[in-house]
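Results of the structural survey
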Amino acid sequence: GSGWIYGSHACLAALSNSRRTIHELLVTESAANRLKLPTGGVVPQIVDPKFIDRKLPKGTVHQGIALKAAPLEWPALEDIADAAPNDGLILVLDQITDPHNVGAMLRLASAFGVSAIVMQTRKAPPLSGSLAKVAVGCLETIPVCLETNIANTLQNLQRIGWQVTGLAGETENELSAVFHENTKQVIVMGAEGPGLRERVRKTCDQLASIPMRSSPVAGEAESLNVATAAGIALYEARRG
């Protein structure tokens, strides 16, 4: 359903996106004077900051602007995959539900030319709110495909020529050795802690790890934040 998007970058990107249907736009007088709002679309309501506060979760930093918008509709994943270049990248998130991490990965997807982000329908955070704010506008440009079954989706991508690599800390295969030029790559990220689910893991063509120099003792890093790990994986895929 419709959701609230707030913050200057996220809202301006949504307002500039012709694919978006905007239902309501709330702006404080200060923000209206500060921001260059696109013309010809929904008419903004000039309101008191506390009016916006009441519409959003407690403690939200909205920077004086918030809008309610319908979800974006993207082409089917198969169509996106078919249209991807020979060095295409797709990022699959296996039960990653933290909106801040997903928002950060949308920024990474934009930076590294990812064709789509894939999440499971029942384990995806709302594509609005804090996720949109962290994504600073990239939610408007990176297709997010919600699929019922991640493992089946990976098999469908394999059938049309995509290589699937899952990140797993226990494997000895290092990321730097698994990517090759002119190969369409799917990178699968598991949730922090549980990692990849068993069937998703078994569906991958290969598993790869990020080499770490820390030791498994108190006070040293046992693992990386999932968005940080995704950034390293995408960099290696592009470098390879």
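Below you will find a few notes about this structure. Fair warning: this is a prediction, and the values are worked out from it, not measured in the lab.

Re the packing of aromatic side chains
Counted under the stated rule, the structure contains zero aromatic pairs. Positioned above the aromatic ring of Trp74 is the side chain of Arg19, whose terminal nitrogen or guanidinium carbon lies 4.4 Å from the ring centre.

Considering the pairing of strand β5 (residues 89-94)
Burial within β5 is extensive, with six of its six residues counted as buried. Taken together, the six bridges between β5 and strand β9 (residues 185-190) define a ladder with parallel strand orientation. When the bridges of β9 are listed, Leu89 appears paired with Gln185. Across four bridges, β5 lies against strand β6 (residues 116-120) in parallel orientation. Considered in β6, the bridge of Leu91 is made with Ile117. Considered for its hand, the β-α-β crossover made up of β5, helix α5 (residues 99-111) and β6 is right-handed.

Quick notes on the nonpolar core
Membership of the largest hydrophobic core comes to 48 residues, with the highest contact counts inside it found for Leu67, Leu91, Leu93, Met105, Leu106, Ile187 and Met189. If you tally residues by element for this core, the top one is helix α9 (residues 226-239), at seven residues. Ignoring anything within four residues of it in the chain, the contact list for Leu91 reads Met105, Val114, Ala116, Ile117, Val118, Ile187, Met189 and Leu234. With 20 residues, the next largest nonpolar core counts Ala84, Ala116, Ile150 and Cys204 among its residues.

Points about the pattern of salt bridges
Should the charged atoms of two oppositely charged side chains come close, the side chains can pair. Scanning the entire structure with this criterion turns up six salt bridges. Across the pair Glu140 and Arg20 runs a salt bridge whose closest N-O atoms are separated by 2.9 Å. One end of the pair, Glu140, is in the loop between α6 (129-134) and β7 (144-147); the other, Arg20, is in the loop between α1 (8-15) and β2 (22-27), and 120 residues separate them in sequence. A single burial state applies to Glu140 and to Arg20, both of which are buried. Salt-bridge contacts for Glu198 lead to Lys202; the nearest nitrogen and oxygen are separated by 3.8 Å. Residue Glu198 and its partner Lys202 are both found in helix α8 (residues 198-203); the two are separated by four residues, about one turn of the helix. With a relative accessible area of 49%, Glu198 lands in the partly exposed category.

Details of the sheet that holds β7
Taken in spatial order, the six strands of this open sheet run β7-β6-β5-β9-β8-β10, and their pairing is parallel. Edge positions in the sheet fall to β7 and β10 (206-208), since each has one partner strand and no second. Across the sheet, the mean angle from the axis of one strand to that of its neighbour is 25 degrees, orientation sign disregarded. Contacting β5, β8 (163-167) and β9, α9 runs over the sheet at an angle of about 165 degrees to β9.

Some points on α1
Along α1, the residues that are buried comprise Ser8, Ala10, Cys11, Ala14 and Leu15. On the buried face of α1, the contacting elements are β1 (3-6), β2, α2 (29-34), β4 (65-69) and α6.

Describing the environment of Glu170
Structurally, the position occupied by Glu170 is in the loop between β8 and β9. Sequence separation of Glu170 and Ala76 is 94 residues, and the distance between their C-alpha atoms is 33 Å.

Brief notes about the environment of Cys145
Summarising the element assignment, Cys145 is placed in strand β7. For the pair Cys145 and Thr21, spaced 124 residues apart in sequence, the C-alpha separation works out to 18 Å. Once residues within four sequence positions are removed from consideration, Cys145 is found in contact with Pro75, Leu77, Ile80, Ala116, Ile117, Val118 and Met119.

Each value, and the rule that gives it
Residues numbered from 1 in each chain as written. Predicted model: local features only at pLDDT ≥ 70, side-chain atom pairs only at ≥ 80, totals over all residues. Heavy atoms only, no water. Phe/Tyr/Trp six-rings, centres within 6.5 Å; stacked < 30°, edge-to-face > 60°. Lys NZ or Arg CZ within 6 Å of the ring centre and 35° of its normal. Buried < 20%, exposed > 50% of the residue type's maximum accessible area, 1.4 Å probe, protein only. Helix = DSSP H or I, 4+ residues; strand = E, 2+ residues; numbered from the N terminus. Pairing = 2+ DSSP bridges. Right-handed = clockwise from strand over helix to strand, strands pointing away. Core = buried A, V, L, I, M, F, W, Y, C linked by side-chain atoms within 4.5 Å. Contact = heavy atoms within 4.5 Å. Salt bridge = Lys/Arg side-chain N within 4 Å of Asp/Glu carboxyl O. Axes fitted to C-alpha atoms, helices over the stretch in contact; angles between N-to-C directions.

Without other data, these values stay purely geometric and don't point to any function.
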